[in-house]
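Summary of the model geometry
So you can see what is in the structure, the chains are spelled out below.
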Amino acid sequence: MAHTLSADDIREEFSQAMSAMYQQEVPQYGTLLALVADVNLAVLENNARLHEQLANADELARLNVERHGAIRVGTAEELATLCRMFAIMGMQPVGYYDLSVAGVPVHSTAFRPVDDAALQRNPFRIFTSLLRLELIDDPALREKAAKILARRDIFTPRCRALMNLHDEQNGFNAEQAKEFVHEALETFRWHRHTTVDKATYEALNRQHRLIADVVCFPGCHINHLTPRTLDIDQVQSLMAEYGIEPKAVIEGPPRRAVPLVLRQTSFKALEEPVAFAGDASGTHTARFGEIEQRGVALTPKGRALYDRLLSEAGVGKDNLTHQQHLQEVFKAFPDSEFLLRQQGLAWFRYRLTPSGDAHRQAIRPGDDPQPFIERGWITAQPITYEDFLPVSAAGIFQSNLGGDAQTRSHGNASRSAFEAALGRPVLDEFRLYEDAEVRSKRRCGLL
């Protein structure tokens, strides 16, 4: 076969195609990209240390291409086929998220690249949720939804044929990869024509808006694409100037010297016109714009403290009051890279400086890296959090979908059922971060 394209190449091409398609479908997404680009440029111009830190960590190049998307599927077969599709792009399922605790009848994983080089190239992520039909209260409606889902195929015949071809020849050439991206994109395209009549849509919508979103359309349309900003507070304050109505409160931890895990905000879901089977028409509300700011990945010890503080803080009514309250609550969480390392709260990537490389023989396995950091022989860079938070994900769903159904808590996680539908276990995100830190220490001679 002619030159085989790498999974990174295919993921890069697909993420750019997805972004272009979504910008056509949701013009405000283009406005969002412009706002985030303006804010990021201003931050880098005014913060030379951050610019240098991102450049040294190979994070700068990925910043402008970085996106995460979110989709929802209805059946185990759809989920398993998506797993095949994303594997071709070098994306694996990481983590299990139970959103039923927030009254959202899905459970989820994040398909993303997992090794250092792939993440630096393009850390494209798709948060993928599987509908839990068993959480539909009405047995007749549950059965009807299952039958509707069984009749559809969200993948084009050619997309399925290309996935089989990829398996047979263990890769794609450039022409095949281009066709695959084109066909795969159709799975995520918005279709304004539903597969059901208006009465069925309304019955499912009354049960939960998200159920109607999953069941009533011919594909698993992308419901948001999220750029990464370096200053989410500034983005939130400027959204109105760009003609975008922000949600009331930024989700996640407060602003800090060392950003933690993930902060998110969004604009309200759009009301999009739809045509129902038959002659009826109406609107559907599901798709929205989201922005994120990523921080350091936390160890299990750090995550336990983080979760406790976030739970203690609760959710405020307005952003200013909520952020001030968060600042107070999170004083219990150390806010310096030294303390985060010293107390084992976050993961770091260790690198030898040129001076350290010249003194490599003086570094022994088991040595404390801190003296070498102070001497300038080793740098310790926070490992970027590449995943999602159940609380944040559910909060974004709630703020954009609304409705009384959101407040009902099912709280019955079923990881084993999800993995059975997926056809493989999900990867443990903590293990991935730990492995990245261990690899870096080994390269430095610290292990």
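What counts and what doesn't
Position labels on residues start from 1 in each chain and follow its written sequence. Where totals are concerned, whole chains, interfaces and linings use all residues; where local detail is concerned, this predicted model gives features only for residues with pLDDT of at least 70, and gives and counts side-chain atom pairs only at 80 or more. As a rule here, side-chain values come from all non-hydrogen atoms in the structure, and water together with hydrogens is ignored. UniProt positions are given in the numbering used here, feature names are shortened, and annotations may be inferred rather than shown by experiment. Each helix is a run of DSSP H or I of at least 4 residues and each strand a run of E of at least 2, with the numbering of both proceeding from the N terminus. Working rule for contacts: check all heavy atoms of both residues, and any pair within 4.5 Å makes them a contact. Two aromatic rings, drawn from Phe, Tyr or Trp (for Trp, its six-membered ring), form a pair once their centres lie within 6.5 Å of each other, and the interplanar angle then sorts them: stacked below 30 degrees, edge-to-face above 60, tilted otherwise. Only protein chains enter the accessibility calculation, which uses a 1.4 Å probe. A residue is then buried if its area is under 20% of the maximum for its type, exposed if over 50%, and partly exposed in between. Counting as a charge over the ring demands two things of the Lys NZ or Arg CZ atom: a distance within 6 Å of the ring centre and an angle within 35 degrees of the ring normal. To obtain each axis, a line is fitted to C-alpha atoms, and for helices this fit is confined to the stretch in contact; angles are then taken between N-to-C directions over 0 to 180 degrees. Angle categories: roughly parallel below 35 degrees, roughly antiparallel above 145, roughly perpendicular from 65 to 115, and oblique for all the rest. What makes a crossing left-handed is the near helix being turned counterclockwise from the far one by less than a right angle; a clockwise turn instead makes it right-handed. All residues other than Ala, Val, Leu, Ile, Met, Phe, Trp, Tyr, Cys, Pro, Asp, Glu, Lys and Arg, Gly among them, are scored as polar; the first ten of these are nonpolar and the last four charged. Here, strands pair whenever DSSP counts at least two bridges between them.

Where an unreviewed UniProt entry is consulted, the chain appears under the name 2-oxoadipate dioxygenase/decarboxylase, with the organism given as Kluyvera georgiana ATCC 51603. Under the heading Sequence similarities (unreviewed entry), UniProt records this for the chain: "Belongs to the 2-oxoadipate dioxygenase/decarboxylase family."

On to the environment of Ala 380, then. Inspection of the secondary structure assignment puts Ala 380 in strand S11 (residues 378-382). Taking C-alpha positions, Ala 380 is 22 Å from Asp 231, a pair spaced 149 residues apart along the chain. Setting aside its immediate chain neighbours within four residues, Ala 380 contacts Glu 337, Arg 341, Phe 348, Arg 349, Tyr 350 and Ile 373.

Further remarks concern unusual backbone geometry. Phi is positive for Asn 170, which is not a glycine, with a value near 60°. Among the secondary structure elements, Asn 170 is positioned in the loop between helix H8 (157-169) and helix H9 (174-186). Despite not being glycine, Val 261 has its phi angle at roughly 35°, a positive value.

Inspection of the entire model under this criterion finds 16 aromatic pairs. Both rings, one in Phe 14 and one in Phe 124, keep their centres 6.1 Å apart while their planes meet at 65°; by these two values the pair is edge-to-face. A residue pair is termed long-range when its members are at least 10 positions apart, and Phe 14 in helix H1 (residues 7-25) and Phe 124 in the loop between helix H6 (116-121) and strand S4 (125-131) qualify at 110 residues. With a relative accessible area of 0%, Phe 124 lands in the buried category. An angle of 35° between the planes, with centres 5.2 Å apart, marks the rings of Trp 190 and Phe 217 as tilted. Residue Trp 190 is located in the loop between H9 and helix H10 (198-207), and its partner Phe 217 is located in the loop between helix H11 (209-215) and strand S5 (224-227); the two are separated by 27 residues in the primary sequence. Both residues of the pair, Trp 190 and Phe 217, count as buried. Members of the aromatic cluster, connected to one another through ring pairs, are Phe 14, Phe 86, Phe 111, Phe 124 and Phe 188. Sitting over the ring of Phe 388, Arg 294 keeps its end group 5.6 Å from the ring centre. Between the NZ or CZ atom of Arg 341 and the centre of the ring of Phe 348, over which it lies, the distance is 5.5 Å.

All right, on to the packing of H1 against H9 then. For the pair H1 and H9, the least separation of the axes is 10 Å and the interaxial angle reads 40°. On the basis of the axis angle, H1 is oblique to H9. Along this stretch, H1 crosses H9, giving a crossing that reads as right-handed. Mapping the contact onto sequence places Ile 10, Glu 13, Phe 14, Ala 17, Met 18 and Met 21 in H1 and Ala 177, Lys 178, Phe 180, Val 181, Ala 184 and Leu 185 in H9. Residue composition of the contact of H1 with H9, grouped by class: 10 nonpolar, no polar and 2 charged.

What follows is about the pairing of S5. A regular strand places its side chains so that they alternate between the two faces of the sheet. Side chains His 224 and Thr 226 of S5 all project onto a buried face; the interleaved residues Leu 225 and Pro 227 project onto the opposite face, where all are buried too. The pairing of strand S1 (residues 67-73) with S5 spans 4 bridges and is antiparallel. If you follow His 68 over to S5, its bridge partner there is Thr 226.

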